[in-house]
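These are the residues of each chain, in order.
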Amino acid sequence: MNKDSKIFVAGHRGLVGSAILKNLKQKGYTNFILRTHAELDLTDQCAVNEFFATEKPEYVFLSAAHVGGIMANSLYRADFIYINLMIQNNVIHASYINNVKKLLFLGSTCIYPREAPQPMPEDCLLTSPLEYTNEPYAIAKIAGIKMCESYNLQYGTNYIAVMPTNLYGPNDNFNLETSHVLPAMIRKIHLAKCLHSNNWDALRKDLNARPVEGISGDAPEKDILAVLGKYGIFQGKVQLWGTGKPLREFLWSEEMADASVYIMEHINFSDVRPEGNEVRNTHINIGTGKELSIKEVAKLIQDKIGFQGELAFDASKPDGTLRKLTDVSKLHALGWHHQIEIADGVEILYNWYLNKQ
Ligand SMILES: NC(=O)C1=CN([C@@H]2O[C@H](COP(=O)(O)OP(=O)(O)OC[C@H]3O[C@@H](n4cnc5c(N)ncnc54)[C@H](OP(=O)(O)O)[C@@H]3O)[C@@H](O)[C@H]2O)C=CC1
Ligand SMILES: C[C@H]1O[C@H](OP(=O)(O)OP(=O)(O)OC[C@H]2O[C@@H](n3cnc4c(=O)[nH]c(N)nc43)[C@H](O)[C@@H]2O)[C@@H](O)[C@@H](O)C1=O
């Protein structure tokens, strides 16, 4: 990529897209094409074709997707498969028609089998059944990998698929129901701390900054208590989901962005594809290669926030897959390594969260 190459960052206001845009700007790139969801609905094939034909981007970061945590994935299964297939089909095909030089497709490590070997190497894809909670989303992401691979093989394109582990960082989704675990825990534990210390001003400020369905920060205390209770937030206790036993790996979103830009700058499809007839390994895992239990993450966040109450778990809520540690040896061999550890990331994100109220 040249510093003045025309770059389309799809989803540039999201957790990863905003970090990719920031990273590109820091590295001196200047020529961006950006559209919000309201300006260009990527599920609309005609609109996407017209956009590509008019704007002619040279490079595409496909970081727009329909994204959510375990509950959103379990409940809104049709949305996760339909919207993601539509976005990626439209963007990848329009990139081919309009001679995009390189495209980066963002998948997820949930593409791997539920009982995958740990850590999960790229080539365990499609070797046994998936985790059920996010199967529709995973199927869409697998289709995206295979679409990139197929276009590369048939049309000689240079499309690379990367599979990030669980991400967290600025511009994350802090919705109490639909978010991923790390931002969910930050918010739930923060609200529980406000309740525990009777700091109603801070609590009301939080609810007004990030609306919670069914309640405003100006509502009477008893109504706020009733609604927060539904999300497991009580005066001396927070009740989180599942058993707390599943293991997860977390990567700072700005590091994910750095890895994405690094791969666009340095890696080509031909570097990713192994020699020989068998076409596998056309994607790259992005992660830290380190894991901890959900209970340990909760404790870490509790300590950072300084919540003195009780942490409990509601085993009636889904655990999801029990382990999904990425094998990052290919990423390391390609020359990229993470730097920010979770204890530091949680602290930065909690400060960011408070500053955005
Ligand atoms: N967050 C995570 O932990 C992980 C994320 N990923 C993957 O990384 C990528 C980025 O995820 P993340 O940044 O977390 O997601 P976010 O939800 O934070 O951002 C998604 C972005 O996609 C845009 N978008 C959604 N639907 C449409 C649409 N129909 N048309 C146009 N734009 C749309 C949104 O636009 P707008 O802002 O205008 O509404 C938003 O900017 C996704 O592919 C995701 O699957 C993979 C593993 C983990
Ligand atoms: C990256 C990947 O992320 C998703 O998969 P996931 O890792 O299972 O999702 P998650 O982050 O929501 O939960 C992780 C764990 O945490 C537990 N947990 C506890 N308490 C809360 C809680 O309050 N909220 C949430 N969301 N989870 C909680 C929860 O029970 C589970 O055991 C995919 O759907 C898909 O989006 C994807 O690509």
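Residues numbered from 1 in each chain as written. Chains lettered and ligands numbered in written order. Predicted model: local features only at pLDDT ≥ 70, side-chain atom pairs only at ≥ 80, totals over all residues. Heavy atoms only, no water.

**Things to note about the overall build of the protein**
So, step 1. For the protein, the count of helices and strands is 13 helices and 12 strands.
So, step 2. In terms of C-alpha radius of gyration, the protein reaches 21 Å, essentially the compact-globule figure of 21 Å for 357 residues.
So, step 3. Counting only C-alpha atoms, the protein reaches 60 × 45 × 35 Å along its principal axes.
So, step 4. Relative to its full complement of 357 residues, the protein shows a buried share of 55%.
So, step 5. For the protein, contacts bridging at least 24 residues in sequence account for 78% of all contacts bridging at least 6.
So, step 6. Counting every atom, the protein has about 15200 Å² of accessible surface; 49% of that belongs to carbon and sulfur. (Helix = DSSP H or I, 4+ residues; strand = E, 2+ residues; numbered from the N terminus. Rg over C-alpha atoms; globule rule 2.2 N^0.38 Å. Buried < 20%, exposed > 50% of the residue type's maximum accessible area, 1.4 Å probe, protein only. Contact = heavy atoms within 4.5 Å. Areas by Shrake-Rupley, 256 points an atom, 1.4 Å probe, with all protein chains shown as cover.)

**Quick notes on the site of ligand 2**
So, step 1. Neighbouring ligand 2 are 22 residues, the closest being Gly68, Ser108, Lys188, Pro318 and Asp319.
So, step 2. Take serine 108: an N or O atom from its side chain is 2.6 Å from an oxygen atom of ligand 2.
So, step 3. Between asparagine 134 and ligand 2, the recorded distance is 3.3 Å, taken from a side-chain N or O atom to an oxygen atom.
So, step 4. Here ligand 2 loses 98% of its free accessible area of 700 Å² to cover by the protein chains.
So, step 5. Contributing elements (two or more residues each) for the shell around ligand 2: α3 (70-75), α6 (181-196) and β7 (237-241).
So, step 6. The biggest single contributor to the shell around ligand 2 is α6, with 3 residues.
So, step 7. Split into classes, the residues belonging to the shell around ligand 2 amount to 10 nonpolar, 8 polar and 4 charged. (Near = heavy atom within 4 Å. Polar contact = N/O pair within 3.5 Å; in protein donor to acceptor, adjacent residues only side chain to side chain. Nonpolar A, V, L, I, M, F, W, Y, C, P; charged D, E, K, R; others polar.)

**Notes on the packing of aromatic side chains**
So, step 1. For the structure on display, the rule yields 11 aromatic pairs.
So, step 2. Considering the side-chain rings of tyrosine 96 and tyrosine 155, the 3.9 Å spacing of their centres and the 10° angle between planes classify their relative orientation as stacked. Of the two residues, tyrosine 96 sits in helix α4 (residues 77-97) while tyrosine 155 sits in helix α5 (residues 135-155), which places them 59 residues apart along the sequence.
So, step 3. Overall, the relative accessible area of 24% leaves tyrosine 96 in the partly exposed class.
So, step 4. Ring centres 5.3 Å apart and planes at 70° place the aromatic pair tyrosine 168 and tryptophan 252 in the edge-to-face group. Taken together, the residues span a long stretch of sequence, with tyrosine 168 in strand β6 (residues 166-168) and tryptophan 252 in strand β9 (residues 250-252) at a distance of 84 residues.
So, step 5. For tyrosine 168, a relative accessible area of 0% translates into the label buried.
So, step 6. Under the relative-accessibility criterion, tryptophan 252 is labelled buried at 3%.
So, step 7. By way of ring pairs, the aromatic residues Phe8, Phe51 and Phe52 are connected into one cluster.
So, step 8. Looking at lysine 3, its charged tip hangs above the ring of tyrosine 29, at a distance of 4.4 Å from the centre. (Phe/Tyr/Trp six-rings, centres within 6.5 Å; stacked < 30°, edge-to-face > 60°. Lys NZ or Arg CZ within 6 Å of the ring centre and 35° of its normal.)

**Describing the packing of α6 against helix α7 (residues 200-209)**
So, step 1. Where α6 contacts α7, the axes come no closer than 8 Å and their chain directions differ by 150°. Seen from above, α6 lies across α7 with left-handed handedness. Here α6 contributes Arg187, His190, Leu191, Cys194 and Leu195 to the contact with α7, which in turn contributes Trp200, Ala202, Leu203, Asp206 and Leu207. (Axes fitted to C-alpha atoms, helices over the stretch in contact; angles between N-to-C directions. Left-handed = near helix turned anticlockwise from the far one by under 90°.)

**Some remarks on helix α13 (residues 342-355)**
So, step 1. In this model α13 runs 20 Å from its N-terminal to its C-terminal C-alpha over 14 residues, within 8% of the 20 Å that 1.5 Å per residue would give.
So, step 2. Those residues of α13 that fall on the buried side of the exposure criterion are Ile342, Gly345, Val346, Leu349, Tyr350, Trp352 and Tyr353. An end-on view of α13 places all buried positions within 160° of arc, on one side of the element.
So, step 3. On the buried face of α13, the contacting elements are β6, α6, α7, β9, β11 (292-293) and α11 (294-305). (Expected span 1.5 Å × (residues − 1). Arc of directions from axis to C-beta.)

**Side note on the confidence of the model for the protein**
So, step 1. In this model, the protein carries a mean pLDDT of 96, and residues with pLDDT of at least 70 account for 98%.
So, step 2. For this predicted complex, the interface confidence reaches an ipTM of 0.99, while the overall pTM sits at 0.97. (pLDDT = per-residue confidence, 0-100.)

**Observations concerning the site of ligand 1**
So, step 1. The full set close to ligand 1 counts 26 residues, and Leu15, Val16, His37, Tyr137 and Lys141 are the nearest of them.
So, step 2. For ligand 1, an oxygen atom lies 2.8 Å from a polar atom in the side chain of lysine 141.
So, step 3. Starting from 900 Å² of accessible surface for ligand 1 in isolation, the protein chains cover 87%.
So, step 4. Put simply, the parts of the chain that give the shell around ligand 1 at least two residues each are α1 (15-26), α5 and β6.
So, step 5. Its residues placed into classes, the shell around ligand 1 shows 12 nonpolar, 11 polar and 3 charged.

**Comments concerning the pairing of strand β1 (residues 7-10)**
So, step 1. Here β1 shows a buried face lined by Ile7 and Val9 and a second buried face lined by Phe8 and Ala10.
So, step 2. With α1 bridging β1 and its parallel neighbour strand β2 (residues 32-33), the resulting β-α-β unit is right-handed. (Right-handed = clockwise from strand over helix to strand, strands pointing away.)

**A closer look at the nonpolar core**
So, step 1. Core analysis: the largest hydrophobic core is formed by 42 residues, its most contacted members being Leu182, Ile186, Leu203, Ile301 and Ile342.
So, step 2. At the level of elements, α6, α7, α8 (221-230), β7, β9, α11 and α13 are the ones that each hand at least two residues to this core.
So, step 3. No other element matches the 8 residues that α6 contributes to this core.
So, step 4. Among all residues touching isoleucine 342, those that are not within four sequence positions of it are Tyr168, Leu182, Phe250, Leu292, Val297 and Leu300.
So, step 5. Counting 38 residues, the second-largest nonpolar core is a separate cluster that includes Ala72, Met120, Met147 and Tyr159. (Core = buried A, V, L, I, M, F, W, Y, C linked by side-chain atoms within 4.5 Å.)

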